[in-house]
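Topology and contacts: notes
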Protein chains: 2
Amino acid sequence: MNESTFTVTGMTCGHCVASVTEEVTMIAGVTDVAVDLPTGAVKVTSAAPVAEADVRAAVEEAGYALAG
Amino acid sequence: MNESTFTVTGMTCGHCVASVTEEVTMIAGVTDVAVDLPTGAVKVTSAAPVAEADVRAAVEEAGYALAG
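Note that the coordinates shown come from a computational prediction; the quantities given were computed from them, not determined experimentally.

Side note on the UniProt feature "domain: HMA" (unreviewed entry) in chain A
- Mapped onto the present numbering, the UniProt feature "domain: HMA" (unreviewed entry) falls at residues 2-67 of chain A.
- When the span residues 2-67 of chain A is considered, its composition is 35% helix and 35% strand, and the gap between its end C-alpha atoms is 21 Å.

Quick look at the interface of chain A and chain B
- Listed as interface residues are 6 residues of chain A and, on the opposing side, 6 residues of chain B.
- Both faces combined, the contact of chain A with chain B buries some 420 Å², and carbon together with sulfur accounts for 57% of it.
- At the surface where chain A touches chain B, the tally comes to 5 residue pairs in polar contact (both at pLDDT 80 or more).
- Grouping the amino acids of the side of chain A that touches chain B by side-chain chemistry returns 3 nonpolar, 3 polar and no charged.

Brief notes about the environment of B:Pro49
- For B:Pro49, the location among the structural elements is in the loop between strand 3 (41-46) and helix 2 (52-62).
- Judged by its relative accessible area of 62%, B:Pro49 falls in the exposed class.

Focus on the packing of helix 1 (residues 14-25) of chain B against helix 2 of chain B
Residue and element names in this part refer to chain B.
- Orientation of helix 1 relative to helix 2, taken along the N-to-C sense of each, is 140 degrees, at an axis distance of 8 Å. When the axes of helix 1 and helix 2 are compared, the pair comes out oblique. In this structure, the crossing between helix 1 and helix 2 has a hand that is right-handed. In this structure, helix 1 uses Ser19, Val20, Glu23 and Val24 to contact helix 2, whose residues at the interface are Ala58, Val59, Glu61 and Ala62.
- Among the residues making up the contact of helix 1 with helix 2, the classes are represented as 5 nonpolar, 1 polar and 2 charged.

Focus: the pattern of salt bridges
All names here are of chain A.
- Under the definition given, this model contains 2 salt bridges over all chains.
- Residues glutamate 52 and arginine 56 are paired through a salt bridge, measuring 2.8 Å at the closest nitrogen-oxygen approach. In this pair, glutamate 52 and arginine 56 both sit in helix 2 (residues 52-62), 4 residues apart, roughly one turn of the helix.
- A relative accessible area of 25% places arginine 56 in the partly exposed class.

Things to note about the sheet that holds strand 3 (residues 41-46) of chain A
All names here are of chain A.
- Strand order in the open sheet formed by 4 strands is 2-3-1-4, and the pairing between neighbours is antiparallel. Every interior strand has two partners, whereas the edge strands, strand 2 (30-36) and strand 4 (65-66), have only one.
- As defined by bridge partners, strand 1 (residues 2-9) adjoins strand 4 across 2 bridges and the pair is classed as antiparallel. Residue pairing for strand 4: threonine 9 is matched across the bridge by alanine 65.

As for the packing of helix 1 (residues 14-25) of chain A against helix 1 of chain B
- It is the contact of helix 1 of chain A with helix 1 of chain B, at a shortest axis distance of 8 Å, that shows an interaxial angle of 110 degrees. As the angle between them shows, helix 1 of chain A and helix 1 of chain B are arranged roughly perpendicular. For the pair helix 1 of chain A and helix 1 of chain B, the sense of crossing is right-handed. Only B:His15, B:Cys16 and B:Ser19 of helix 1 of chain B make contact with helix 1 of chain A, whose side of the interface consists of A:His15, A:Cys16 and A:Ser19.

Calculation rules
Residues numbered from 1 in each chain as written. Chains lettered and ligands numbered in written order. Predicted model: local features only at pLDDT ≥ 70, side-chain atom pairs only at ≥ 80, totals over all residues. Heavy atoms only, no water. UniProt positions renumbered as here; feature names shortened; annotations may be inferred. Helix = DSSP H or I, 4+ residues; strand = E, 2+ residues; numbered from the N terminus. Contact = heavy atoms within 4.5 Å. Buried area = accessible area lost by both parts, 1.4 Å probe. Polar contact = N/O pair within 3.5 Å; in protein donor to acceptor, adjacent residues only side chain to side chain. Nonpolar A, V, L, I, M, F, W, Y, C, P; charged D, E, K, R; others polar. Buried < 20%, exposed > 50% of the residue type's maximum accessible area, 1.4 Å probe, protein only. Axes fitted to C-alpha atoms, helices over the stretch in contact; angles between N-to-C directions. Parallel < 35°, antiparallel > 145°, perpendicular 65-115°, else oblique. Left-handed = near helix turned anticlockwise from the far one by under 90°. Salt bridge = Lys/Arg side-chain N within 4 Å of Asp/Glu carboxyl O. Pairing = 2+ DSSP bridges.

What follows is the structure, encoded as structure tokens:
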């Protein structure tokens with residue numbers, strides 16, 4: 001089991017959290033996604049390590065951006 | 001045709017606007033709902049005048065509040 005944490009910018013409410021969670025959960029191999037709204041931290045649990053590019057694409061699909 | 005404008009607090013993003021619009025649109029007789037996110041102004045167009053209590057209930061159902 002792998003855990004990686006990313007920081008997402010632009011989320012302002014629970015709907016935003018739900019959108020990001022939904023998109024990141026759809027990445028192959030991801031088993032859990034935990035978002036902390038105040039900090040923008042998105043913890044991704046997956047069977048194999050996730051590619052940052054895949055997370056970035058999912059976050060952008062939801063309408064937000066990865067920090068950095 | 002009647003137009004009434006209410007102010008809703010707590011909306012932070014387009015998802016919030018969509019939630020409020022959806023609930024207020026469900027009030028009987030309402031034909032159009034226009035939300036301005038920066039100001040929180042919600043303009044309700046309806047066949048007959050809408051009761052503020054109905055708008056308040058719809059806004060609260062969406063998870064927000066009427067100002068004042």
